[in-house]
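# Fold and geometry: a report
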Protein chains: 2
Amino acid sequence: MFQNKMPRYEILSEDAMAQLDKGWRRLVTEIGVEFDSEPALELFRAAGQKVEGQTVFLDPEFMLEQIAKAPREFDVQARNPANNVHIGGDSMAFGAVYGPPFVREGPVRRDATMDDFERFTKLAQSFSVLDSAGGVVCEPNDTPLDSRHLDMTYALQTLTDKIYMGNVVTGVNAQDTIAMGEILFGGRAAIEQTPVSISLINCNSPLRWDERMLESLFAYSSANQPVVLTPFILMGAMSPVTIPAALVQQITEALSGITLAQLIRPGCPVIFGSFLSNIDMQSGSPTFGTPESGIGLLCTGQIARSFGLPFRSGGGLTSSQVPDAQAGYEALMTLLPTFLSGANWVMHSAGWLEGGLVAGFEKFIMDVELLQMLRAEFTPLEIDEGSLAFDAHQEVGHGGHFLGAMHTMERFRTCFYRPMLSSSENYERWTRNGSVDAAGRMTKIFHKTLEDYEQPPLDEAVRAELAEYVVRRRAELGD
Amino acid sequence: MFQNKMPRYEILSEDAMAQLDKGWRRLVTEIGVEFDSEPALELFRAAGQKVEGQTVFLDPEFMLEQIAKAPREFDVQARNPANNVHIGGDSMAFGAVYGPPFVREGPVRRDATMDDFERFTKLAQSFSVLDSAGGVVCEPNDTPLDSRHLDMTYALQTLTDKIYMGNVVTGVNAQDTIAMGEILFGGRAAIEQTPVSISLINCNSPLRWDERMLESLFAYSSANQPVVLTPFILMGAMSPVTIPAALVQQITEALSGITLAQLIRPGCPVIFGSFLSNIDMQSGSPTFGTPESGIGLLCTGQIARSFGLPFRSGGGLTSSQVPDAQAGYEALMTLLPTFLSGANWVMHSAGWLEGGLVAGFEKFIMDVELLQMLRAEFTPLEIDEGSLAFDAHQEVGHGGHFLGAMHTMERFRTCFYRPMLSSSENYERWTRNGSVDAAGRMTKIFHKTLEDYEQPPLDEAVRAELAEYVVRRRAELGD
C-alpha cells in the first residue's frame, strides 16, 4: 500500500482552526445531534449527556475524552497478508466506487447486475494501486434484495484476496458480514484481534443518525471492526452553502458518531469520514470535482489530524455522464487534493461516474491511471551524487543530447512513470493506429484486464463453508 | 489579474535545496555555459569571467551579484489599464498557448492560418482569466515568413487590449516588436518606464544559448522589456533522466541567461523560466502532464523564490491528440501544481494540444474552465460569524434541508463556482439534450464566444500608424 511521505498541504490558519473549533462546540451544545436509536440514547444518558426526545446535547469535553480512546492508527487484515492495510499516519488505502445502481460500459448505460459486480471486483483485484474492491461496487439488481449482501460479501471474499467493506443496509446484514469474516479468518477472536472489514456509517445530514445505520454501527463496533463515521454533505442541501459552516457541521457529525462508537466499545477503530461536495444552485443537481469540494477536502485532512484521527475522503468523483474530458479533470480535481491532504482511506477511487449513480468500466481504468500517476508524483525525490548526474554533463557537453548517455542507459527503464492509458503517439502513428481516443483505449484495457484475471487461491473447505452460509442464510431470509 | 493568497506547496527540504545549490555552482564553474554570441562573450570577458571559445565559466558569486540587480516584482502595461499585469509576488498572470504550427477544430487537424491566429486572439480577449493572448498563439502559415511577426503583433495589439508577447525569431523581429510597442504606447521613454511586452528567450538545452535568441535578448533587455530566460528541458533528451539533475541544469541555464540580461542592462526585468517535462523512454516522444513534470514544477517555484526571482512555468499541457479524458487530466496535472507553486507568468494556459504542436479551439475552452475553477479553489476561505451559519442550523434543525433557508437565499447566487463547460445534468435531461459530451460542448462555447466578441476600441490614428508600419516594414523585408 501507499505511504505518502510528501508534505501535507494545509490551508487553514491557526485562527481559522480556532473559529471552527468554537463552531462545533456550539452546535453540539446548543443544537445537539439526533440519534434515531434507543440503545444509543441509553448509552448517552448513562454517560451523563443531556437527552431530549431523540436529540442529544453533548458536552464537547466529554466527546474529546471518548475520541481520545480511539486508536490513531490500526491494521486491517486481508486473507492474503501481502494485502494487509494500515489505516492512519502516512498510509493511504484505496477502494473502488461504492453504491451505484447503474453501470456504463462503452455507449451502454443500464441497471447493474451481479455479473457486473463480479467483473468490477476482478478489476479491483487486478490493479495493485487498489487496496480493496470496496463494498457495494455496484448494486446487483438481478439478485434478491434481502440476501444480496451475502452474494456481494461472498464475491468480495473469493474473487479478491484484499480487504473488503461490510454491508450496512441493516443490522442483520452487518451481522452476516461479520459471521462470514469469522469463517474466512478463523473465528471471532481472530477478527476482533485484527479487523477484516471497514464499514461505512453515513450520517443523515444535517445532524441526524438513522436507526438502521446505527444498528450496523453497533454490530461492527461491538466486533471491533472499523467504521467510517461519515457526514454526507452536499453543501446547499444537507448543510449551509458556506464551506466553513459545512466544515463545522462535518466535525459535529463525525465526532458525535465517533463518540457513540467509543461508548459501544471503548478503543474500537474508527475513521473520521467526509463526503463533502455541493449542489448546483440553479438546478439543485449534485456536483463533483468542484473547487469547493477540493477546498473542503484539504481542510478536512487538517481537521481530522488535529483530533488525532485517521480520515476518509476523496476519490475520483465527477458529475460527467461519460469518461470524457470533464470526467478526467473532475476526477483529478478530487484525487490530487486527496493526495495533498493525505487521506487515509479513500473510497470511490475507481469507477465513479455520473455523480455516483453509475459504475463505469472505462472510468475505472482512467482512475487507476490517475492513482498510478499520483503515487509517482507523491514519491519524494532522491537527491544524491548519482541523481545530480554531473558525469552525464561531462559526457554530453553543451547542446548535445542525453539519450545515449551512460547515466541514461543505467536508468531509462525505471526513471519515469510509464503510462497504461495515456498516449504520446505522434499524429501520424496515432492516426495509423485508428485514431482511438482515451475512452476507446480504456475499453481495450478493461477487456484485456478481465481476460488476464486470475482468481486468488482459497482453501476449498473455507470456500465451501462460506457458500453454505450464503445458501442457509438466503433461505432463512426468505429469498 | 489573479492574486494567489493560498500557501505555496514546497516539497524540497533545506538539505535538498543545499544539494541543488552545490550542483549548479559546480556546473557553471566546471562545465560552463556556451553563448553563441560575440557581444555576449565580450560582456562576460569585460566582467572578468573566464571565456574559452564560446564557453563561459562563471563565478557563482558574480552571478548572484548580477541577479540581485533584477527587480523582484514589476509591472507590464496593457493599452487598457484595467488589464495591466503585475509580475511577481502573489500575482499569477496567464497567457494562451504559444508556438503550434497546427490547429485542431472539432475533428479537423490542419495547418494554422492567420484567420486561426485572429480567432484564438479574440478568444483570449474574451475571457477574463487570461491576461494575454500570448505571442505566437499559432503559426499563421499562410502569411509570408519574414514579415509574419508584424501581422501577429498587429493582431495582438488591435484585437486585444491586454499585454502581449514579443517576437524572438530574430533580433530584427524583436526590434520591430519594440517599435510597434513604441507606436501603441507613445514612444520609447514610455515603454522603458513601464514595459509593454514579455518575451520568451529559450535556452538550447543543455547549457547553450543560440545566436538568434541572444539577439532578441539584447534587443528586449536594452529596451527594458521583460524576458523569460527559459531552459527548454525534456528530461532524458535535453537533460539527464533524473529530476534533481534537471533542476540543477535548469538553475544553471536560467541564472546564466539572467546574468547576461543584467550585464546588458542592469536592473532590467527578467523572469526565471522553466519548461520542464520528460520524454517517453520507449518511444522518445515528449510527454506532458506527467508526474515528473508536476514534481519539477513544484520544485521550480521553491527554487526561483530562493533567488528572489519571479518565475514562469506550468500551463494546460497534454500529449493528447484530442480534447478527451487524457487531455482533461493531463492539463489539470500541470495546472493544479501551477497554482500550488504560485507561478507568476504562465504560458500555454489555454489551447495546448498534442504536445504543443496543435492549438485546439475546443481545448482552449476546457483550459479556461480549469483556470476559472482553480481561481475559485485558490481563494482563501472567509471564516466569520456569517459563514459559520449557526442561524441556519437553528432554522433547519435535524435531518432537514437548507435549500430554502434564509442563509442560503442570501448567498445562493455567488456561493459556488458556476461552471461554463462542466455539466451536472441528470441522465434523462442530458440524453434529451442530445447526449453531448464535454468536447461537443466546448465546440458550442467557442463558437458562441467568437460570435459575441467585440473588438476593444483603439484610437484610429494609432491604429493607422501601426498598419502603416506593418506595410512599410513588410516591403523593406522583401515580402
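Residues numbered from 1 in each chain as written. Chains lettered and ligands numbered in written order. Predicted model: local features only at pLDDT ≥ 70, side-chain atom pairs only at ≥ 80, totals over all residues. Heavy atoms only, no water.

### Digging into the overall build of chain A
Across its full length, chain A carries 18 helices and 20 strands. Expected size for 479 residues packed as a compact globule is a radius of gyration near 23 Å; at 23 Å, chain A falls within 12% of this value. Dimensions of chain A along its principal axes, counting C-alpha atoms only, are 80 × 55 × 45 Å. Taking the contacts inside chain A whose residues are at least 6 apart along the sequence as the reference set, 76% of them involve residues at least 24 apart. (Helix = DSSP H or I, 4+ residues; strand = E, 2+ residues; numbered from the N terminus. Rg over C-alpha atoms; globule rule 2.2 N^0.38 Å. Contact = heavy atoms within 4.5 Å.)

### Concerning the interface of chain A and chain B
Every contact between the two is made by 121 residues of chain A and, on the other side, 121 residues of chain B. Summing both partners gives a buried area of about 9,300 Å² for chain A against chain B, and 69% of it is carried by carbon and sulfur. The largest contributions to the chain A side of the interface with chain B come from Tyr-329, His-398 and Phe-416 of chain A, which together make up 9% of the buried area. The interface formed by chain A and chain B contains two salt bridges. (Buried area = accessible area lost by both parts, 1.4 Å probe. Salt bridge = Lys/Arg side-chain N within 4 Å of Asp/Glu carboxyl O.)

### Topic: the sheet that holds strand β16 (residues 275–279) of chain B
All names here are of chain B. The three strands are arranged β14-β16-β17 in an open sheet whose pairing can be described as mixed. At either end of the open sheet lies a strand with only one pairing partner, and these are β14 (232–235) and β17 (286–287). Bridge count for β16 against β17 is two bridges, and the pairing is antiparallel. What sits directly across from Asn-278, in β17, is Thr-287. Its contacts with the sheet place helix α9 (residues 243–264) against β14 and β16, and it is angled at close to 170 degrees to β14. (Pairing = 2+ DSSP bridges. Axes fitted to C-alpha atoms, helices over the stretch in contact; angles between N-to-C directions.)

### Considering helix α8 (residues 211–222) of chain B
Residue and element names in this part refer to chain B. Between the first and last C-alpha of α8 there are 16 Å, a value that for twelve residues agrees with the 16 Å anticipated at 1.5 Å per step. For α8, every residue scored as buried is listed here: Leu-214, Ser-216, Leu-217, Phe-218, Ala-219, Tyr-220 and Ser-221. Positioned one or two residues after α8, Asn-224 has a phi angle of 65 degrees, which is positive. (Expected span 1.5 Å × (residues − 1). Buried < 20%, exposed > 50% of the residue type's maximum accessible area, 1.4 Å probe, protein only.)

### Let's talk about the relation of the copies chain A and chain B
Between the two copies of the chain lies a relationship made up of a rotation around an axis and a movement along it. Of the transformation placing chain A onto chain B, the axial shift is 0.0 Å and the rotation is 180 degrees, giving an RMSD of 0.0 Å. Both copies are brought into coincidence by an operation consistent with a two-fold rotation axis. Scanning chain A for the C-alpha nearest the rotation axis identifies Ala-325 of chain A, at a separation of 1.9 Å. (Least-squares fit on C-alpha atoms with pLDDT ≥ 70 in both.)

### Looking at the side chain of Thr-160 of chain A
Residue and element names in this part refer to chain A. In this structure, Thr-160 sits in the loop between α5 (148–159) and β10 (164–166). In terms of polar contacts, Thr-160 uses its side chain to reach the backbone carbonyl oxygen of Leu-156, at 2.8 Å. Those residues in contact with Thr-160, other than ones at most four positions away along the chain, are Arg-79, Thr-121, Gln-125, Ala-133, Ala-155 and Pro-456. (Polar contact = N/O pair within 3.5 Å; in protein donor to acceptor, adjacent residues only side chain to side chain.)

### Focus: unusual backbone geometry
That bond from Ser-205 of chain A to Pro-206 of chain A is cis: its omega, 10 degrees, falls within 30 degrees of zero. By secondary structure assignment, the location of Pro-206 of chain A is in the loop between β11 (197–203) and β12 (208–209). Positioned with a positive phi, Asn-224 of chain B is a non-glycine residue whose angle comes to about 65 degrees. Position of Asn-224 of chain B among the secondary structure elements: in the loop between α8 and β13 (227–230).

### Some details on empty space enclosed by the protein
By rolling a water-sized probe across the atoms, one finds the places where empty space is left. Scanning all chains against the criterion turns up eight cavities of 30 Å³ or more. The space that makes up the largest cavity amounts to roughly 190 Å³. Along its surface, the largest cavity is lined by 24 residues, and Asn-278, Thr-287 and Thr-290 of chain A together with Tyr-417 and Pro-419 of chain B are the ones closest to its centre. Among the elements of the structure, β15 (275–279), α10 (291–306) and α11 (325–341) of chain A together with α12 (361–377) of chain B are those that each provide at least two residues to the lining of the largest cavity. Broken down by class, the residue content of the lining of the largest cavity amounts to ten nonpolar, nine polar and five charged. Reported here for the second largest cavity is a volume of approximately 120 Å³. Contributing to the lining of the second largest cavity are 15 residues, with Leu-276, Ser-313, Gly-314, Leu-317 and Thr-334 of chain A lying nearest its centre. (1 Å grid on protein atoms, 1.4 Å probe; cavity = no way out; pocket = protein on both sides within 12 Å on 5 of 7 lines; lining within 4 Å. Points joined across faces, edges and corners; volume = space filled by probe spheres on them. Nonpolar A, V, L, I, M, F, W, Y, C, P; charged D, E, K, R; others polar.)

### Here's the deal with the confidence of the model for chain A
Taken as a whole, chain A shows an average pLDDT of 97; of its residues, 100% reach a score of 70 or greater. Here the predicted complex scores 0.98 on pTM and 0.97 on ipTM. (pLDDT = per-residue confidence, 0-100.)

### Here we look at helix α4 (residues 114–126) of chain B
Since the α-helix turns once every 3.6 residues, residues separated by three or four places project in the same direction. All names here are of chain B. Between its first and last C-alpha, α4 extends 18 Å over 13 residues, near the 18 Å set by a 1.5 Å rise per residue. Of all the positions in α4, only Met-114, Asp-116, Phe-117, Arg-119, Phe-120, Thr-121, Leu-123, Ala-124 and Gln-125 are classed as buried. The backbone nitrogen of Asp-115 has a side-chain oxygen 3.3 Å away, supplied by the residue at the start of α4, namely Thr-113.

### A short note on the pairing of strand β14 (residues 270–273) of chain A
All names here are of chain A. Covered by surrounding structure in β14 are Val-270 and Phe-272 together with Ile-271 and Gly-273, the residues of both alternating faces. Both strand β13 (residues 227–235) and β14 contribute to a ladder of three bridges, which runs parallel. Among the inter-strand pairings, Val-227 is bridged to a residue of β14, identified as Val-270. With helix α9 (residues 243–264) bridging β13 and the parallel β14, this β-α-β connection has right-handed handedness. Direction of pairing for β14 relative to strand β17 (residues 311–312): parallel, over a ladder of two bridges. (Right-handed = clockwise from strand over helix to strand, strands pointing away.)

### Here's the deal with the pattern of salt bridges
For the structure on display, the rule yields 62 salt bridges over all chains. Of the charged contacts, one joins Glu-460 of chain A and Arg-463 of chain A as a salt bridge, the two residues approaching to 2.7 Å between their closest N and O atoms. Highlighted residues: Glu-460 of chain A and Arg-463 of chain A, both in helix α18 (residues 460–476), separated by three residues, approximately one helical turn. Judged by its relative accessible area of 48%, Glu-460 of chain A falls in the partly exposed class. Of the residues examined, Arg-463 of chain A reaches a relative accessible area of 26% and is grouped as partly exposed. Note that Asp-176 of chain B and Arg-473 of chain B form a salt bridge whose closest N and O atoms lie 2.7 Å from each other. Residue Asp-176 of chain B is found in helix α6 (residues 171–185), and its partner Arg-473 of chain B is found in helix α18 (residues 460–476); the two are separated by 297 residues along the sequence. No difference in accessibility class separates Asp-176 of chain B from Arg-473 of chain B, as the two residues are buried. Here the salt bridges share partners, and the residues they tie into one network are Glu-105, Arg-110, Asp-115, Asp-116 and Arg-119 of chain A.

### Comments concerning the environment of Thr-290 of chain B
With respect to the secondary-structure elements, Thr-290 of chain B resides in the loop between β17 and α10 (291–306). A relative accessible area of 8% places Thr-290 of chain B in the buried class. In the structure, Thr-290 of chain B is positioned 100 residues away from Ala-190 of chain B in sequence and 42 Å away in space, judged by C-alpha atoms. Ignoring anything within four residues of it in the chain, the contact list for Thr-290 of chain B reads Met-373 and Glu-377 of chain A together with Ser-277, Asn-278 and Met-333 of chain B. Side chain to side chain, Thr-290 of chain B and Asn-278 of chain B meet in a polar contact 2.7 Å long.

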